[in-house]
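This is what each chain is made of:
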Amino acid sequence: MNPKNFRTFKAESEVRIIGRMLAHHLFKEGINRVMFIDRSARPGYIALKKAWKKKFPGVPTPEIYFTNPEGYNTQNRSENEVVEEFDSTYRRLASDKESSIMLFDGCVHSGNSMRPIQRVLERAGYSDVRLGLAQPKDYGDNKDLEIDFQALSRPSWNTCYPFRRDNMIERNRTSVLSSRNNNQGDRLASIELRREISSLF
């Protein structure tokens, strides 16, 4: 495959490392649910699934979910309304709020993407919410965020986008789920991105 998204050994290597490290950590900690934060972290699910299949053949892959960080804003609705939407949207998660779940993102700077999601889950009664990153968190207004896992020991070569930009979906400010991107060119590019990540394993 002629790469369009990962054109250097370092870029390819980081995707493999993140996938393998995440799979190892989830397995070791017994975490069987992981939620990827749109849009930068979303393609990471492919790296996780591919790495998991190689490292732990025959062991079920953790449950995978996606969420839209902009949908957790409380400018147009209350936090209680967001909590209610979360539980109704993710019914399988809501049926077992005591099991651990990891929120996974590409990076953290201010914490404005991850913090509201963490707060909603805790308010909804999820008792074991873990925070995971592809790379070390940046210094900023995020001291209250205790990161449980980071895959890379240093910042990613691709900055906040170790899996590159995914345009399969679009963020919105009205739902915890992202919206479908109907632009055909964007969707084809995202399909190509997924194929390329898959080929790295």
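Located above this text is the structure these notes cover.
What comes next concerns the included structure.

Definitions and limits used
- Residues numbered from 1 in each chain as written.
- Predicted model: local features only at pLDDT ≥ 70, side-chain atom pairs only at ≥ 80, totals over all residues.
- Heavy atoms only, no water.
- Core = buried A, V, L, I, M, F, W, Y, C linked by side-chain atoms within 4.5 Å.
- Buried < 20%, exposed > 50% of the residue type's maximum accessible area, 1.4 Å probe, protein only.
- Helix = DSSP H or I, 4+ residues; strand = E, 2+ residues; numbered from the N terminus.
- Contact = heavy atoms within 4.5 Å.
- Axes fitted to C-alpha atoms, helices over the stretch in contact; angles between N-to-C directions.
- Parallel < 35°, antiparallel > 145°, perpendicular 65-115°, else oblique.
- Nonpolar A, V, L, I, M, F, W, Y, C, P; charged D, E, K, R; others polar.
- Pairing = 2+ DSSP bridges.
- Right-handed = clockwise from strand over helix to strand, strands pointing away.
- 1 Å grid on protein atoms, 1.4 Å probe; cavity = no way out; pocket = protein on both sides within 12 Å on 5 of 7 lines; lining within 4 Å.
- Points joined across faces, edges and corners; volume = space filled by probe spheres on them.

Looking now at the nonpolar core. One broad trend across soluble globular proteins is that nonpolar side chains are buried collectively. Ranked by size, the top nonpolar core spans 29 residues in total, and within it Phe104 and Ile197 carry the most contacts. Contributing elements (two or more residues each) for this core: α1 (9-29), β1 (33-37), α2 (44-55), β3 (101-105) and α6 (184-199). Aside from chain neighbours lying at most four places away, what touches isoleucine 197 is Phe6, Val15, Pro43, Ile46, Ala47 and Phe163. Within the second largest apolar cluster, 23 residues are counted, among which are Ile37, Phe86, Leu131 and Leu145.

Orientation of helix α3 (residues 79-89) relative to helix α5 (residues 114-124), taken along the N-to-C sense of each, is 80°, at an axis distance of 9 Å. Considering their axes alone, α3 and α5 lie roughly perpendicular with respect to each other. Two secondary-structure elements touch here, α3 through Glu79, Asn80, Val82, Val83, Phe86 and Asp87 and α5 through Arg119, Val120, Leu121, Arg123 and Ala124. Partitioned by chemical class, the residues of the contact of α3 with α5 number six nonpolar, one polar and four charged.

This part takes up the side chain of asparagine 142. Position of asparagine 142 relative to the elements: it lies in the loop between β4 (129-133) and β5 (149-150). We classify asparagine 142 as buried; its relative accessible area is 2%. For asparagine 142, the residues in contact, after removing those within four places along its chain, are Val108, His109, Ser110, Gly111, Arg115 and Lys137.

With that settled, the discussion passes to the side chain of arginine 194. Positionally, arginine 194 belongs in helix α6. Those residues within four positions of arginine 194 in sequence are excluded, and the remaining contacts are Arg42, Tyr45, Ile46, Asp166 and Met168.

Turning next to the pairing of β4. Taking burial as the measure, the five residues of β4 include five buried ones, the bulk of the element. Side chains of β4 alternate between two faces, with Val129, Leu131 and Leu133 and Arg130 and Gly132 buried alike. Looking at chain direction, β3 and β4 are connected through five bridges and run parallel. When the sheet's bridge partners are listed, isoleucine 101 is paired in β4 with valine 129. Remark: the β3/α5/β4 crossover connection has right-handed handedness. As judged from the two bridges shared by β4 and β5, these two strands associate in the parallel manner. The residue of β5 that forms the bridge with glycine 132 is phenylalanine 149.

Reported here for the largest pocket is a volume of approximately 300 Å³. Lining the largest pocket are 19 residues, and of these Ser40, Asp105, Cys107, Ser113 and Arg171 lie nearest its centre. Class assignment for the residues of the lining of the largest pocket results in six nonpolar, six polar and seven charged.

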